[in-house]
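Descriptive analysis of the structure
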Amino acid sequence: MSPTITTSSEANGNVSSATARAAASAAATVEAAGPQPVTMAKALNTAMADAMRTDKLVLVFGEDVGKLGGVFRITDGLMAAFGEQRCFDTPLAESGIVGMAVGMAINGMRPVVEMQFDAFAYPAFEQIVSHVAKMHNRTKGRLKLPMVIRVPYAGGIGGVEHHCDSSESYYAHTAGLKVYTPATVADAYLMLREAIDSDDPVMFMEPKKLYWSKDLVDLDALRGEYEAKADGRSSTEGRAAVARSGTDATLIAYGPSVPVALAAAAAAAEEGRSLEVIDIRTIVPFDDETVAASVRKTGRAVVIAEAHGFASVSSEIVARVQERCFHHLAAPIRRVTGFDVPYPAPKLEHYYLPGVDRILDAVDDLQWED
């Protein structure tokens, strides 16, 4: 797929042509032997292709995902490789997309659908809450819904309103849904493969600003490790990762906030302070054990998230940590989040998004005796 093709979203001014071209270039990275610089876009694209190659019941559909390869080119080449029956475009009707996926999943298929942008998923919210999340319970376990709803979410791309929402709290609050959000290239591949293999519905939240982040990854080796797993156990679901070890305080983050937390920890190290960074990875199910163990060790914690702070995932994390670590805490848990206002205009988003300075200010406020 040529990266110079203009999508319908570009034509409407929703995404800059430079952004789309960068995504196209990222998704089109040629896979080579051994560890190579790989983008998250490439990892996600490869995960879907591998899943489709492994299981003929896996299919991909949504707005612009076929011929154009998606607004961010994450599905680039899938229609050409697997045909229009396995990867195809749909009308601009999110409720219809998810409703069709529900019917397919009930009948044994494994649909992977794309919502294109975070706030574009809201028209499908009734389908997600009333049917996707409840079908298994409603049928007393007789019907499973092995489906993945991919949601490019959060900010950092200079997008206008309806293109930069952090909507994870809505889904995390809805019993019956799993909620994944990768922060690294390797996790993007593994977590999407595991989401597609899951017999439960998964809201797969993809941080848009990380699509073009690169890590040294051997995708071929990662693929081999995943497909060789004999016990079928997940390596990421409900398992947070220690992204950086530390002793003085714990920074707890997920998705787009993990790189910011790591940058803050690196800056703090130059000032002589050792910060541990925990990458939540799957919001639902949540890994209380890893998070609590870190906070018990350091005695201090800051939770970082782009979403609004009020009634959010960050609120839940603070509550869970406080319940499990109260007698180990040397200071109240702090939060660094997006402000409780609608997402701002592109030129103002850097004020809204959690940054290194705001995180370090929160760390400095953790009642240090010195």
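Here's what I pulled together on the structure shown here. Not measured: the values here are computed from a predicted model. (Residues numbered from 1 in each chain as written. Predicted model: local features only at pLDDT ≥ 70, side-chain atom pairs only at ≥ 80, totals over all residues. Heavy atoms only, no water.)

What to know about the sheet that holds strand β2 (residues 58–62)
Pairing is mixed across the open sheet formed by 7 strands, whose spatial order is β3-β2-β4-β5-β7-β6-β12. Of all strands in the sheet, those with a lone pairing partner are β3 (87–89) and β12 (282–284), marking the two edges. Between one strand axis and the next, the sheet turns through 20° on average, direction left out of account. When strand β4 (residues 110–114) meets strand β5 (residues 148–153), the two strands line up parallel, connected through 3 bridges. Bridged to Glu114 within β5 is Arg150. Sheet contacts for helix α5 (residues 94–106): β2, β3, β4 and β5; angle to β2, the most-contacted strand, approximately 165°. (Pairing = 2+ DSSP bridges. Helix = DSSP H or I, 4+ residues; strand = E, 2+ residues; numbered from the N terminus. Axes fitted to C-alpha atoms, helices over the stretch in contact; angles between N-to-C directions. Contact = heavy atoms within 4.5 Å.)

Comments concerning the packing of aromatic side chains
One pass over the full model with this rule turns up 12 aromatic pairs. A centroid spacing of 6.0 Å and a plane angle of 75° characterise the contact between Phe125 and Tyr170, whose relative ring orientation is edge-to-face. Taken together, the residues Phe125 in helix α6 (residues 125–132) and Tyr170 in helix α8 (residues 168–172) connect sequence positions 45 residues apart. The exposure class assigned to Phe125 is partly exposed, which follows from its relative accessible area of 27%. Tyr170 sits in the partly exposed class, given a relative accessible area of 45%. Feature note: the residues Phe72, Phe117, Phe120, Tyr211 and Trp212 constitute an aromatic cluster, connected by ring pairs. (Phe/Tyr/Trp six-rings, centres within 6.5 Å; stacked < 30°, edge-to-face > 60°. Buried < 20%, exposed > 50% of the residue type's maximum accessible area, 1.4 Å probe, protein only.)

Describing the nonpolar core
Ranked by internal contacts, the top residues of the largest apolar core, which has 47 residues, are Val98, Met115, Met147, Ile149, Met203, Ile252 and Ile317. Among the elements of the structure, β2, α5, α6, β5, β7 (202–207), α12 (288–298), β13 (301–308) and α13 (313–325) are those that each provide at least two residues to this core. A total of 6 residues in this core trace back to one element, the largest contributor, which is α5. If sequence neighbours within four positions are ignored, Val98 has contacts with Met115, Ala124, Gln127, Ile128, Val132, Met147 and Ile149. Judged by nonpolar contacts, the second largest core, of 46 residues, contains Phe82, Cys164, Leu190 and Leu222. (Core = buried A, V, L, I, M, F, W, Y, C linked by side-chain atoms within 4.5 Å.)

Here we look at the pairing of strand β14 (residues 334–338)
Direction of pairing for β13 relative to β14: parallel, over a ladder of 4 bridges. Counted as the bridge partner of Ile304 is Val336 from β14.

What about α6?
Every buried residue belonging to α6 is among Gln127, Ile128, Val129 and Val132, and all of these are buried. As for α6, its buried residues are in contact with α5, α7 (135–138), β5, α8 and β7.

Looking at the packing of helix α9 (residues 185–197) against helix α10 (residues 219–227)
α10 packs onto α9 with a crossing angle of 30° between their chain directions and a minimal axis gap of 11 Å. Crossing geometry of α9 relative to α10 is assigned as right-handed. Seen from α9, the contacting residues are Ala186, Tyr189, Leu190, Arg193, Glu194 and Asp197; seen from α10, they are Leu219, Leu222, Arg223, Tyr226 and Glu227. For the contact of α9 with α10, a count of residues per class yields 6 nonpolar, no polar and 5 charged. (Left-handed = near helix turned anticlockwise from the far one by under 90°. Nonpolar A, V, L, I, M, F, W, Y, C, P; charged D, E, K, R; others polar.)

Quick notes on the side chain of Glu349
With respect to the secondary-structure elements, Glu349 resides in helix α14 (residues 349–352). No salt bridge forms around the buried Glu349; measuring N to O, its nearest opposite-charge neighbour Lys209 is 8.2 Å away. Looking at Glu349, its side chain comes within polar contact range of the main-chain nitrogen of Gly158, at 3.0 Å. (Lys, Arg positive; Asp, Glu negative; His and termini not counted. Salt bridge = Lys/Arg side-chain N within 4 Å of Asp/Glu carboxyl O. Polar contact = N/O pair within 3.5 Å; in protein donor to acceptor, adjacent residues only side chain to side chain.)

Any functional reading would require information beyond the geometric quantities listed.
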